[in-house]
Amino acid sequence: MPGTDRDQALSELKFRDPVRARALVEALGRRTAELGRAPVSVMHVCGSHEQAIAKFGLRSTFPRGLNVIMGPGCPVCITDTPEVDEGVVLARQGVHIATYGDMVRVPGTSLSLADAQAEGAKIHVIYSAGQAVELARSTSDQVVFFATGFETTAVATAAVVLGGLPPNLSILSAHKYIPPVMEIVAEMPETKVEGFLAAGHAATITGSAVFEPFVARHGLPVVIAGFEPLDILAGLVKLVELIRDRTPQVVNMFPRCVTREGNLRAQEQLWKVFRSTGGRWRGIAHVPNGNLRLRDEFASIDARRRFTIDLASLWDCAPPALAQSCICGNIMAGLSSPTDCKLFGQECTPEKPVGACMVSSEGACKIWHQYGGHPDLGGDA
Amino acid sequence: MCLGVPGKVIEVAGNVAIVDFWGVRRQVQLDVVDEPVAPGDYILNHVGFAIRRIPESEIGETLALYEQLIAQAEQDDLMAEDVRNEIAASRDDPRAGN
Ligand code: SF4
Ligand code: SF4
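Residues numbered from 1 in each chain as written. Chains lettered and ligands numbered in written order. Predicted model: local features only at pLDDT ≥ 70, side-chain atom pairs only at ≥ 80, totals over all residues. Heavy atoms only, no water.

Participant: Help me out: how do you make sense of unusual backbone geometry in this one?
Facilitator: Most of the time, phi is negative for any residue but glycine, and the peptide bond is trans. Residue and element names in this part refer to chain B. One non-glycine residue, Trp22, adopts positive backbone phi at about 50 degrees. Checked against the element boundaries, Trp22 lands in the loop between strand E2 (16-21) and strand E3 (24-29). On the basis of relative accessibility, which here comes to 31%, the residue Trp22 falls in the partly exposed class. One non-glycine residue with positive phi stands out, namely Val47, at about 35 degrees. Checked against the element boundaries, Val47 lands in the loop between strand E4 (42-46) and strand E5 (49-54). Among the residues examined, Val47 registers a relative accessible area of 3% and is labelled buried. (Helix = DSSP H or I, 4+ residues; strand = E, 2+ residues; numbered from the N terminus. Buried < 20%, exposed > 50% of the residue type's maximum accessible area, 1.4 Å probe, protein only.)

Following this line, the structure appears as structure tokens:
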């Protein structure tokens, strides 16, 4: 029945502030109606936003005229296949690989790190860059920290690098930088995205000002929001308002963590260690300035320079045939939903992921699978 | 992998703080936080590093979501899992249990 899912979602929001939740849901409905036209699409670029939307059933409270799309917001999902391959090749050479948990099961061209581990490679799951340092101190073998994540996570890598690494530790950086990919999505000819909800924690580092040139160039509003259901609803209300009034600007709705200039000390460390360079994001496109790579001054700890990484050694393993049907890229570009993929929940499950989006706890496919297949129940509410 | 978790600073020793996350005490690195941190402050912890000192007036709101997530603590809840991983990211307080 229309309405029931919405009512249930609203009653689940009760734990916080039912009056505010209902008021925001109603405001969102009104603002969207005031647009007086066919569906409006907005994109968030944050896995944690998608988790909150799915977990709290927020999609069922969104008005019919509003599409909230998950963009390339998960650093695991957009780590490109050749980057995974580099880690796999190093692991098969006998080097210890330390990496964040979700990376282990992300498919490479033919193998994931988990596959390499099954063959005997030494893979270590860590939660913090500091643990890579400890691991290296505990052995005389070579250790490579396969470092992934957006700017929020890259600052931690920068801090351990600046703290000085043990001689047997090097860094394989697959870090990514969010602001440039918004340009790519905004410029895709098929894109219908009219505004962005930016993630509170990445903006904690970069500050809200980083989005100002983007807004000026593309005339699309950006609202920075936190991760509470009410934060997300309030962010969407503001975003739809800005679209309605044709007043594109950056609005910071998460001032408790985000300032205009951001964390300057973290930025200084980030750019001291890394430079941004163009590179592919899995399934999306080549993103100019979207990759963070070690600066030349840190060549001696760059795994790409310390080791010869022979990617061709993987080519005799056949790539998995199913991977060709994976539509992760379209999902992250906002053109498709996980349920549009014919492998979703069938051949592709969290236990046997075909694409990266089914691996990460911030991947759209995994989130939709975990929270009930098709969380978008609000179509006729 | 990037949610970040607030915790209360118990003690500061140079570059490292002992931080309490709902009764779990952990070491958090202070290398990247942009303001001086003192016992009693709250910080946002991400992969073992404090990335922000949370202004005092904002603590209540910031903690509420996490309290909810931790209270539910269902095994297969992705968001709660990210929160638990963030807490696991910092090192044990070496003196815990003493
Ligand atoms: S369901 Fe699996 S195969 Fe399909 S798009 Fe998602 S990750 Fe790719
Ligand atoms: S890194 Fe930032 S944008 Fe990405 S999922 Fe984490 S909080 Fe969201």
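Participant: How do you make sense of the side chain of Glu83 of chain A when you look at a structure like this?
Facilitator: Residues and elements named next belong to chain A. Note on placement: Glu83 falls in helix H4 (residues 81-92). A polar contact is formed between the side chain of Glu83 and the backbone nitrogen of Asp80, at a distance of 2.7 Å. Those residues in contact with Glu83 that lie beyond four places of it in its chain are Phe146, Ala174, Lys176, Asn291 and Arg293. (Polar contact = N/O pair within 3.5 Å; in protein donor to acceptor, adjacent residues only side chain to side chain. Contact = heavy atoms within 4.5 Å.)

Participant: Before we go on, may I ask you to explain the pattern of salt bridges in this structure?
Facilitator: Two side chains bearing opposite charge may form a pair once their charged atoms approach each other closely. Residues and elements named next belong to chain A. Under the defined criterion, the tally for this structure stands at 16 salt bridges over all chains. A salt bridge links Arg217 to Glu183; the shortest N-O distance between them is 2.6 Å. One end of the pair, Arg217, is in helix H10 (residues 212-218); the other, Glu183, is in helix H8 (residues 179-187), and 34 residues separate them in sequence. Residue Glu183 is classed as buried on the basis of its relative accessible area, which comes to 15%. For Arg260, the salt bridge goes to Glu212, with nearest N and O atoms at 2.7 Å. (Salt bridge = Lys/Arg side-chain N within 4 Å of Asp/Glu carboxyl O.)

Participant: Hey, could you run me through the site of ligand 1 in this one?
Facilitator: All names here are of chain A. In the vicinity of ligand 1 there are 13 residues, among which Cys326, Ile327, Cys341, Cys348 and Cys365 approach most closely. Assessed atom by atom at 2 Å from the grid points, ligand 1 resides in the second largest cavity. In the shell around ligand 1, the residues fall into 12 nonpolar, 1 polar and no charged. (Near = heavy atom within 4 Å. 1 Å grid on protein atoms, 1.4 Å probe; cavity = no way out; pocket = protein on both sides within 12 Å on 5 of 7 lines; lining within 4 Å. Sits in = over half its atoms within 2 Å of the grid points. Nonpolar A, V, L, I, M, F, W, Y, C, P; charged D, E, K, R; others polar.)

Participant: Which parts of the structure should I look at to understand the packing of aromatic side chains?
Facilitator: Describing an aromatic ring pair means giving the distance of the ring centres and the angle of the ring planes. Residues and elements named next belong to chain A. This model, assessed by the stated rule, comprises 5 aromatic pairs over all chains. Here Phe196 and Phe214 contribute two aromatic rings whose centre-to-centre distance is 5.5 Å and whose plane-to-plane angle is 85 degrees, an arrangement assigned as edge-to-face. Here Phe196, found in strand E7 (residues 193-199), pairs with Phe214, found in helix H10; they are 18 residues apart in sequence, far enough to count as distant. Owing to a relative accessible area of 0%, Phe196 belongs among the buried residues under this scheme. (Phe/Tyr/Trp six-rings, centres within 6.5 Å; stacked < 30°, edge-to-face > 60°.)

Participant: I'm lost on the packing of helix H6 (residues 129-137) of chain A against helix H7 (residues 151-163) of chain A in this one. Help?
Facilitator: All names here are of chain A. The interhelical angle for the contact between H6 and H7, taken along N-to-C directions, is 40 degrees, at an axis separation of 8 Å. Where H6 approaches H7, its residues Ala129, Gly130 and Val133 are matched on the opposing element by Ala156, Thr157 and Val160. Across the contact of H6 with H7, the residue classes tally to 4 nonpolar, 2 polar and no charged. (Axes fitted to C-alpha atoms, helices over the stretch in contact; angles between N-to-C directions.)

Participant: In this structure, what is going on with the sheet that holds strand E3 (residues 96-100) of chain A? I would like to understand it.
Facilitator: Whether parallel or antiparallel, the strands of a sheet pair through hydrogen bonds between backbone atoms. Residues and elements named next belong to chain A. Read from one edge to the other, the open sheet built from 4 strands follows the order E4-E3-E5-E6, with strand pairing classed as parallel. Edge positions in the sheet fall to strand E4 (123-126) and strand E6 (169-175), since each of these pairs with one other strand and no more. If you compare each strand with its neighbour and ignore which way they point, the axes differ by 25 degrees on average. Pairing geometry for strand E5 (residues 143-149) and E6, over 7 bridges, is parallel. (Pairing = 2+ DSSP bridges.)

Function cannot be read off these values alone, since they describe shape.
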